[in-house]
Amino acid sequence: MIQKNKKSFPEGFLWGASTSAYQVEGAWNEDGKGPSVIDMKKHPEGTTDFKVASDHYHRYKEDIALFAEMGLKAYRFSIAWTRIYPEGTGKINQKGIEFYDNLINELLSYNIEPIVTIYHFDLPYALQQKGGWSNRETIDAYENYAKTLFEFFGDRVKYWLTINEQNMMILHGSVIGTTDPNIKNSKKELYQQNHHMFLAQAKAIKLCHEICPGAKIGPAPNISYVYPASCKPEDVCAAQTYSSIRNWLYLDLPVFGRYNSVAWSYLEKEGCTPDIKEGDMEIIKAAKPDFIAFNYYSTETVSGDSGGRVSNPHLKKTQFGWEIDPLGFRITMRELHDRYNLPLLVTENGLGAYDTLEEGDIVNDDYRIEFLRNHIEQAKLAIAEGVNLIGYCPWSAIDLVSTHEGISKRYGFIYVNRDEFDLKDLRRIKKKSFYWYKNVIATNGEEL
Ligand code: BGP
């Protein structure tokens, strides 16, 4: 019995699921919404744009009813900055406030805890035109936007995420569509933008604590444990360096208020250290996150010879070539726990796959169930080892458009009947994984 309890998920565990505004909402230019950098990006050939997406903007009630039927305790979504401030700053768009007011109230009516990402890749295009994150004015715009969210929604939202995957925006921004293709984006400039985002994040954390006492706020990077390609010391050293640049830079700043020293020496070597103004580090140091949210899809493996990524021969891959590593999930959580000793919240984890809609509205996504089961099993073991995991929000609650691989790459528990260029009827269909996850939640992770 004692053993069983030790391995159980704690009471009040936030069993959830995730989405982001631009990938699920559609209604890209309705009710006063301004364009974001994502709306202006060029889409890879053969993949849809984000104009309609899953049409969640018009169907949120139906969707939330399904989330409730699945038993979700939490729903992690993002607010589209340009619904609130169409130009990033200036006059508030009341229709945008109204939409998220309704969404939050709808969730609460089913006792689903809203977990809100303030900014998930969709920087207002008007700000991008003024230099985006290179311009320090964007820090003020973000602070003002965050303040507006805290004032309007802080009475009901208890969990806030500052910036989704800041590290991926810096390392892979051109694939995601966040890097401005028109300006010279030298590495130096990107790391300057990075520094500004850290400042913006710190200001939001401080404001959140002032405006919404009792609410919790944290960063939300993408974290992957980095393996050395072998036990050769050169490989181990390369893996550590890689991890500092990819992972720890993005958590040492918010948690400890300092630049990770290995990452900093890399920036020095590359000649791309940011310009740090007087007072910046004090601002960063003063802001204390309450938890670490992180997205986990896979681990990475690095070799000292190439200094870069190599594929891991011990891991299978998804249809989209992503390595599958449930044990790596636990290893990543242990490392986060050891380094930062803060509560952890998983805000993304999932399998992108081509699903088949069968006769009679059936989607047999056993591969997704297997993926999630194996990851949840490892989360359970991590908890038994002392990791303070407070919630698990797999990607994604419902099918939505991938960052750069269209809607055919599906992640949801709920199928959305459309394909890349034919919107069909957009009807919602519960996949096999929907029923499976419902039981996982109902048994608090006892039955996987
Ligand atoms: C993360 C993003 C999400 C989501 C997910 C899956 O990086 O935060 O927005 O899209 O990855 O990635 P993809 O859509 O590329 O398959």
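Read on for an overview of the structure.

## Topic: the pattern of salt bridges
(1) Moving on: Evaluated as defined, the whole model comprises 31 salt bridges.
(2) Moving on: Across the pair Lys33 and Asp39 runs a salt bridge whose closest N-O atoms are separated by 2.8 Å. Asp39 matches Lys33 in its accessibility class, with the two residues each being buried.
(3) Moving on: When the shortest N-O distance is used, the salt bridge between Asp252 and Arg339 registers 3.3 Å. You can see Asp252 sitting in helix H10 (residues 233-256) and its partner Arg339 sitting in helix H13 (residues 326-340), a full 87 residues away along the chain.
(4) Moving on: Counted as one network, the salt bridges with shared partners bring together Asp355, Asp365, Arg368, Asp399, Arg410 and Lys431.

## Remarks on the sheet that holds strand E6 (residues 226-228)
(1) Moving on: Taken in spatial order, the 3 strands of this open sheet run E6-E8-E9, and their pairing is mixed. Each having just a single partner strand, E6 and strand E9 (309-310) make up the two edges of the open sheet.
(2) Moving on: As judged from the 2 bridges shared by strand E8 (residues 300-302) and E9, these two strands associate in the antiparallel manner. Bridge pairing in E9 places Thr301 opposite Val310.
(3) Moving on: The sheet contacts of H10 involve E6, E8 and E9, and relative to E6 the element is tilted by about 165°.

## Overview of the state of the cysteines
(1) Moving on: If you walk through the whole model with that rule in mind, you get 0 disulfides.
(2) Moving on: Take Cys208: it sits in no disulfide, and the sulfur closest to it among the cysteines is that of Cys212, at 4.5 Å.
(3) Moving on: Cys237 carries a free sulfur, and the closest cysteine sulfur to it, the one in Cys231, is 15 Å from it.

## Details of the packing of aromatic side chains
Two measures describe an aromatic ring pair: the distance that separates the ring centres and the angle between the ring planes.
(1) Moving on: Under the criterion given, the structure shown has 35 aromatic pairs.
(2) Moving on: On the basis of an interplanar angle of 80° and a centroid distance of 6.5 Å, the ring pair of Trp15 and Tyr392 is categorised as edge-to-face. Here the residue Trp15 occupies a position in strand E1 (residues 14-18), and Tyr392 occupies one in strand E11 (residues 389-392), the gap between them amounting to 377 residues.
(3) Moving on: Assessed through its relative accessible area of 1%, Tyr392 is described here as buried.
(4) Moving on: Judged by centre distance (5.6 Å) and plane angle (80°), the rings of Trp81 and Tyr119 are edge-to-face. Of the two residues, Trp81 sits in helix H4 (residues 81-84) while Tyr119 sits in strand E3 (residues 113-119), which places them 38 residues apart along the sequence.

The rules behind each value
- Residues take numbers from 1 onward in each chain, read along the sequence in its written order.
- Given that the model is predicted, a residue must reach a pLDDT of at least 70 before its local features are reported, and side-chain atom pairs must reach 80 or more before they are shown or counted; all residues, however, enter totals for whole chains, interfaces and linings.
- The side-chain figures draw on all heavy atoms in the structure; neither hydrogens nor water molecules are used.
- Any Lys or Arg side-chain nitrogen found within 4 Å of a carboxyl oxygen on Asp or Glu counts as a salt bridge.
- Under the scheme applied here, a residue whose accessible area is under 20% of the maximum for its type counts as buried, over 50% as exposed, and between as partly exposed, the area being computed with a 1.4 Å probe on protein chains only.
- Where helices and strands are cited, they refer to DSSP runs of H or I of at least four residues and of E of at least two residues respectively, numbered from the N terminus.
- Strands are labelled as partners when DSSP assigns at least two bridges between them.
- In what follows, residue pairs with any heavy atoms lying within 4.5 Å of each other are defined as contacts.
- Only the stretch in contact is used when a helix axis is fitted, and all axes are lines through C-alpha atoms; the angle between N-to-C directions ranges over 0 to 180 degrees.
- When two cysteine sulfur atoms are found within 2.5 Å, that pair is recorded as a disulfide.
- Stacked, tilted and edge-to-face are the three classes applied to pairs of Phe, Tyr and Trp rings, where Trp contributes its six-membered ring and a pair requires centres within 6.5 Å; stacked means planes under 30 degrees apart, edge-to-face means over 60, and tilted covers the rest.

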